[in-house]
Amino acid sequence: METSQTHSSESMSKDLSELMKEATKEVHEQAENTPFMKNFQKGQVSLHEFKLVTASLYFIYSALEEEIERNKNNPVYAPVYFPAELHRKAALEEDLEYFYGSNWREEIPCPEATQKYVERLHYVGKNHPELLVAHAYTRYLGDLSGGQVLKKIAQKALQLPSTGEGLAFFTFDGVSNATKFKQLYRSRMNALEMDLATKKRVLEEAKKAFLLNIQVFEALQELVSKGQENGHPVQPKAELRTRNVNRSYEHVPGKESERTNRRHTIMPTTPLVRWILALGFLATTVAVGLFAM
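All of the points below concern the structure found in this document. (Residues numbered from 1 in each chain as written. Predicted model: local features only at pLDDT ≥ 70, side-chain atom pairs only at ≥ 80, totals over all residues. Heavy atoms only, no water.)

**Details of the overall build of the protein chain**
For the protein chain, the helix and strand inventory stands at 15 helices and four strands. Sorting the 293 residues of the protein chain into buried and exposed places 48% on the buried side. Residue pairs at least 24 apart in sequence account for 84% of intrachain contacts in the protein chain once pairs closer than 6 positions are excluded. Surface accessibility of the protein chain: about 14,300 Å² in total, with carbon and sulfur atoms responsible for 49%. (Helix = DSSP H or I, 4+ residues; strand = E, 2+ residues; numbered from the N terminus. Buried < 20%, exposed > 50% of the residue type's maximum accessible area, 1.4 Å probe, protein only. Contact = heavy atoms within 4.5 Å. Areas by Shrake-Rupley, 256 points an atom, 1.4 Å probe, with all protein chains shown as cover.)

Structure follows, in C-alpha cells:
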C-alpha cells in the first residue's frame, strides 16, 4: 500500500503539461483512430456541419473567456493569461457573420449539450478556478497546433477565400512563433503552484473537457439527422455571406454577384459518414494540438 502511494506521488511530481498529456492519451488515441482523421485529410467535410461546429465553439469560448477574465488576477490562473495571443471569441464572431450574415446571433443554435459545457465552464470559473487551466490548455494549445492543419483542409474543401474569410478562428495574429509560444505556455502552466490533490483534479477536469466535447457533437449529430438548423429545414445549398471588408468592391457589377452570392454544395455523403467528419473536428484540434507540443 505504502509502495503504491509512493509510486503515485513520484508520478505526480512530473510537470503538469506532461501529466496532462499522459492523462488524456487514451482519448487522443480514440480520436486518432477514427475514420474522420483520414477522411478529413481527403477534404470530405460539409459546410452545414462546419457551420454548426463553429456556432457551438462560439458559445463554448464565450463562456471560457468570460471565466478567464473573472480569474485573470487569480494566482491559480494569472500566469497563463494570454488574451491577445489566444482568445477566440472575436474571431468566431467574424466567422459566424461570414457564414450566417449580420443576424447570426438569431440564427445559430445552442443545443442542450453545448449549454451543459457552457454551464460547466461557468461552474468551474466561479467555484473551482484552479481547474480552469485544464479547459484552457486542452482547447487553446490544441487549436493553435492541430487547428492549423484543419484550416488548410477546410479552406480547400469548402472553397473558402484565400484571404481567410470563414477561418478567423484558426488565425492567431498575436502568436508569431507557435513553437516558442507553446514552450512559454507550458513553462507558465508547470509553474502553477498546486498540491497533489489539486493536480489530480486538474487532470480529471481535462478528461471531462474531452467528454463534454464529444457530447456536444452527439447533440449536433441529432440536429443534422433531422435536417434542421436552429429549427429551420436546411436547404441543399447554403449561401455564404462575406464580411463587408470592401464596400466599394462589393458594388461593382458582376463582382458583387461573385462575392455575395457564392454557394457551396453540401457533399453527398451519408448522414453517418458526414457526421463522423464533423464529430472529429473539435476533438481533433484538441488531440492533434496536445500531442504536437
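**Some words on helix H11 (residues 178–190)**
A turn of α-helix holds 3.6 residues, and therefore any two residues three or four places apart point the same way. The terminal C-alpha atoms of H11, which comprises 13 residues, lie 18 Å apart, in line with the 18 Å expected from a rise of 1.5 Å per residue. Considered for burial, the residues of H11 that qualify are Phe 181, Lys 182, Tyr 185 and Met 189. The buried residues of H11 occupy an angular sector of 100° when the element is viewed end-on, so they sit on one face. At the N-terminal end of H11, a side-chain oxygen is found 3.2 Å from the backbone nitrogen of Thr 179, two or three residues along, and the residue is Asn 177. (Expected span 1.5 Å × (residues − 1). Arc of directions from axis to C-beta. Polar contact = N/O pair within 3.5 Å; in protein donor to acceptor, adjacent residues only side chain to side chain.)

**Description of the layout of surface pockets**
When its volume is computed, the second largest pocket comes out at roughly 220 Å³. Lining the second largest pocket are 14 residues, with Ala 91, Glu 94, Ala 168, Thr 171 and Asp 173 sitting closest to its centre. Top contributing element to the lining of the second largest pocket by residue count: helix H7 (residues 89–100), with three residues. Counted by class, the lining of the second largest pocket contains five nonpolar, five polar and four charged residues. (1 Å grid on protein atoms, 1.4 Å probe; cavity = no way out; pocket = protein on both sides within 12 Å on 5 of 7 lines; lining within 4 Å. Points joined across faces, edges and corners; volume = space filled by probe spheres on them. Nonpolar A, V, L, I, M, F, W, Y, C, P; charged D, E, K, R; others polar.)

**Some details on helix H5 (residues 47–70)**
Taking 1.5 Å per residue as the helical rise, H5 with its 24 residues ought to reach 34 Å, and the 35 Å between its terminal C-alpha atoms agrees with that figure. The element H5 is largely enclosed, with a buried count of 20 among its 24 residues.

**Some thoughts on the nonpolar core**
The biggest cluster of nonpolar side chains holds 63 residues, and the ones touching the most others in it are Tyr 100, Tyr 140, Tyr 185, Met 189 and Val 202. When residues of this core are traced back to their parent elements, those giving at least two are helix H2 (16–23), H5, H7, helix H9 (112–127), helix H10 (132–157), H11 and helix H12 (196–225). No other element matches the twelve residues that H5 contributes to this core. Residues within four places of Met 189 in sequence aside, it is in contact with Leu 16, Ser 17, Met 20, Val 80, Val 133 and Tyr 137. (Core = buried A, V, L, I, M, F, W, Y, C linked by side-chain atoms within 4.5 Å.)

**Details of the pattern of salt bridges**
Overall, the coordinates contain nine salt bridges when judged by the stated rule. The partner of Glu 22 in a salt bridge is Lys 14, with the nearest N and O atoms 2.9 Å apart. The closest approach of N and O atoms between Glu 93 and Arg 105, which form a salt bridge, is 3.3 Å. Of this pair, Glu 93 sits in helix H7 while Arg 105 sits in helix H8 (residues 104–107), placing them twelve residues apart in sequence. (Salt bridge = Lys/Arg side-chain N within 4 Å of Asp/Glu carboxyl O.)

**Section: the side chain of Glu 67**
Looking at the secondary structure, you find Glu 67 in helix H5. Its relative accessible area of 0% is what places Glu 67 among the buried residues. When near neighbours in sequence (up to four residues on either side) are disregarded, Glu 67 contacts Leu 121, His 122, Gly 125, Lys 126 and Leu 132.

**Structural notes on the packing of H9 against H10**
In a pair of packed helices, the angle between the axes and the distance between the axes together describe the arrangement. Two numbers describe how H9 lies on H10: the axes approach to 9 Å, and their chain directions differ by 130°. One way to sum up the angle between H9 and H10 is to call them oblique. Where H9 abuts H10, its residues Tyr 117, Leu 121 and Val 124 lie against Leu 132, His 135 and Arg 139. Across the contact of H9 with H10, the residue classes tally to four nonpolar, one polar and one charged. (Axes fitted to C-alpha atoms, helices over the stretch in contact; angles between N-to-C directions. Parallel < 35°, antiparallel > 145°, perpendicular 65-115°, else oblique.)

**A word on the environment of Ser 13**
With respect to the helices and strands, Ser 13 occurs in the loop between helix H1 (2–11) and H2. Take Ser 13: its relative accessible area is 55%, and that puts it in the exposed class. Here the alpha-carbon distance between Ser 13 and Leu 196, two residues 183 residues apart in the chain, equals 8.1 Å.

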